[in-house]
Amino acid sequence: MKFGIIVFPGSNCDRDVDTVTRGILNQPTRFVWHQETDIADLDVVVVPGGFSYGDYLRCGAIARFSPVMKSVVEHARQGKYVLGICNGFQVLTEMGLLPGALIRNRDLHFICDRVPVRVENTDSVWTRGYQSKSVINLPIAHGEGRYYASEDTLKELEDNGQVLFRYCSIDGEIDEVNNPNGSLNNIAGIVNREGNVLGMMPHPERAADSLLGLTDGSPLFKELIATASR
Ligand SMILES: NC(=O)CC[C@H](N)C(=O)O
């Protein structure tokens, strides 16, 4: 399974993804500079975390106009996989590949932490490797991670099981106290209607190396690779 990691000026989690997909999981992986347009060789496009274009205007607002993103839309339309992590999630919502928006955190601070997240729907290529409603620990690091969407969109996401990850307590309780950034419905990650595009604020790629003592992100990558090779 071939991975491509988009690199914008200001991306900073591109190497973290490569360490997991190529370094640990032995999958062919290449970096894709944002001005490239030919990504036909890729099975999975990862839009990584970081501060693309210095977060000017809004996080992801400028990156969405990079030449490569037209090809990413086409890649998604073909039903191929797209994973947006943190800044990548912001870019995907800016482009309309995923509904809603990521706005300033409720307390207006940048948050760097490790938080419990509940896996909501395991009937997805991204979450098949987890137990339903299991609580996993993932790092977060963002200033604009508060998920927001209209009531209709939220209802649609919930009704279709498109919410894959939610912030929660260590016991899996969903409440406002355990909602680090004030996201609506504690949403930490969603998929598009077709299920091939995932956006999430927590960082699974920073939790997929046993040397770091945190491996709850591994099943996401492993199951994706296993599914594709079936
Ligand atoms: N780690 C990240 O990708 C950060 C995303 C973005 N720069 C923010 O602060 O919200």
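Here the structure is a predicted model, which means the values were calculated and not measured.

1. Digging into the site of the ligand
Around the ligand, the surrounding shell holds 14 residues, and the nearest of these are Gly50, Asp55, Cys86, Ala141 and Gly143. Taking Ala141, its main chain carries an N or O atom lying 2.8 Å from a nitrogen atom of the ligand. At 3.4 Å from a nitrogen atom of the ligand is found a side-chain nitrogen or oxygen belonging to His203. If you list the elements that add at least two residues to the shell around the ligand, you get helix H3 (87–95) and strand E7 (135–142). For the shell around the ligand, the residue count by class is five nonpolar, seven polar and two charged.

2. Observations concerning the nonpolar core
Counting residues in each nonpolar core, the largest one holds 66 residues, and the members touching the most others are Val47, Trp126, Tyr147, Phe165, Leu198 and Leu220. Leave out the neighbours within four places in its chain, and Trp126 touches Tyr81, Val82, Leu83, Leu164, Val191, Gly195, Asn196, Val197, Leu198, Leu220 and Leu224.

3. Structural notes on the pattern of salt bridges
Taken as a whole and assessed by the stated rule, the structure comprises 14 salt bridges. Notably, a salt bridge pairs Asp41 with Lys2, separated by 2.7 Å at the nearest N-O pair. Taken together, the residues span a long stretch of sequence, with Asp41 in the loop between strand E2 (29–33) and strand E3 (44–47) and Lys2 in the segment before strand E1 (3–7) at a distance of 39 residues. The exposure class of Asp41 is partly exposed, given its relative accessible area of 32%. Looking at Lys2, the relative accessible area reads 26%, which means it is partly exposed.

4. Considering unusual backbone geometry
The phi angle at Tyr53 is positive, at roughly 50°, despite the residue not being glycine. With respect to the helices and strands, the residue Tyr53 is situated in the loop between E3 and helix H2 (68–77).

Cut-off values and rules
Residues numbered from 1 in each chain as written. Predicted model: local features only at pLDDT ≥ 70, side-chain atom pairs only at ≥ 80, totals over all residues. Heavy atoms only, no water. Near = heavy atom within 4 Å. Polar contact = N/O pair within 3.5 Å; in protein donor to acceptor, adjacent residues only side chain to side chain. Helix = DSSP H or I, 4+ residues; strand = E, 2+ residues; numbered from the N terminus. Nonpolar A, V, L, I, M, F, W, Y, C, P; charged D, E, K, R; others polar. Core = buried A, V, L, I, M, F, W, Y, C linked by side-chain atoms within 4.5 Å. Buried < 20%, exposed > 50% of the residue type's maximum accessible area, 1.4 Å probe, protein only. Contact = heavy atoms within 4.5 Å. Salt bridge = Lys/Arg side-chain N within 4 Å of Asp/Glu carboxyl O.

In short, shape yes, function no, at least from these values alone.
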